[in-house]
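Breakdown of the fold
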Amino acid sequence: MASQSVAGHLRATLYVPLFSRPWPIWAGALAFAVANVLMAAYARGLGVFPQMSMWGASLYNALGIPTQGPFYPVTPILLDIHSMINFGILLGVLGVALLSREFKLRTDSWRGYAQGFVGGVLMGIGTVLVPPCNV
């Protein structure tokens, strides 16, 4: 019984305020700023495009098509700190979506998929024109 009351107390004091309600804008901005400062101090600023091109070059090399990465030399993905940062971002977003119970597979109309496709193409063009990243 005591463990249930402790678990209920922790849920009410920690989980509900952190994951059940939207954060205020200032808290999200502060968290984003701290993350960017730490990334700039220990690795580099937030960006995914150069590593994605290196991942593509690694895939081509694995398939027997010799190629080089356009921005960085092709290195093993698990030894590349910037790739690990990107994997950490993906796993962090997945974790928060699961904790906040917002992870859902959603469907859209053909118009929504078309808008997403056009937006993705335009973002890709912008990223190639102004690397390293426009996201």
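Conventions used here
Residues numbered from 1 in each chain as written. Predicted model: local features only at pLDDT ≥ 70, side-chain atom pairs only at ≥ 80, totals over all residues. Heavy atoms only, no water. Helix = DSSP H or I, 4+ residues; strand = E, 2+ residues; numbered from the N terminus. Contact = heavy atoms within 4.5 Å. Expected span 1.5 Å × (residues − 1). Buried < 20%, exposed > 50% of the residue type's maximum accessible area, 1.4 Å probe, protein only. Arc of directions from axis to C-beta. Phe/Tyr/Trp six-rings, centres within 6.5 Å; stacked < 30°, edge-to-face > 60°. Patch = residues over 30% accessible without salt bridge, like charges linked within 9 Å, V, L, I, M, F, W, Y side chains within 5 Å. Areas by Shrake-Rupley, 256 points an atom, 1.4 Å probe, with all protein chains shown as cover. Salt bridge = Lys/Arg side-chain N within 4 Å of Asp/Glu carboxyl O. pLDDT = per-residue confidence, 0-100.

**Quick word on the side chain of Ser 58**
- Here Ser 58 lies in helix H3 (residues 49–62).
- If we skip the residues at most four places from it in the chain, Ser 58 touches Val 74, Thr 75 and Ile 77.

**Looking at helix H4 (residues 81–99)**
- Compared with an ideal rise of 1.5 Å per residue, which puts 19 residues at 27 Å, H4 spans 26 Å between its outermost C-alpha atoms and is within 8% of the ideal.
- All of the buried residues in H4 are His 82, Ser 83, Ile 85, Asn 86 and Ala 97. The buried side chains of H4 occupy one side of the element, clustering within an arc of 165 degrees when seen end-on. Within H4, the exposed residues directed more than 90 degrees away from the buried face are Leu 91 and Leu 98.
- Check the buried side of H4 and you find it contacts helix H2 (25–42) and H3.

**A short note on the packing of aromatic side chains**
- Counted according to the given criterion, the structure contains one aromatic pair.
- Judged by centre distance (5.1 Å) and plane angle (5 degrees), the rings of Trp 55 and Phe 87 are stacked. Of this pair, Trp 55 sits in helix H3 while Phe 87 sits in helix H4, and the two are 32 residues apart along the sequence.

**Let's talk about a nonpolar patch on the surface**
- A surface patch of nonpolar side chains, amounting to about 720 Å² of accessible area, comprises Phe 117, Val 118, Val 121, Leu 122, Ile 125, Leu 129 and Val 130.
- Considering the arrangement of structural elements, one finds Leu 122 in helix H5 (residues 110–129).
- On the basis of relative accessibility, which here comes to 55%, the residue Leu 122 falls in the exposed class.

**As for the confidence of the model for the chain**
- Averaged over all residues, the pLDDT of the chain equals 79, while 84% of them reach at least 70.
- Here helix H1 (residues 2–20) is the element of the chain with the lowest mean pLDDT, 68, and H5 is the one with the highest, 87.

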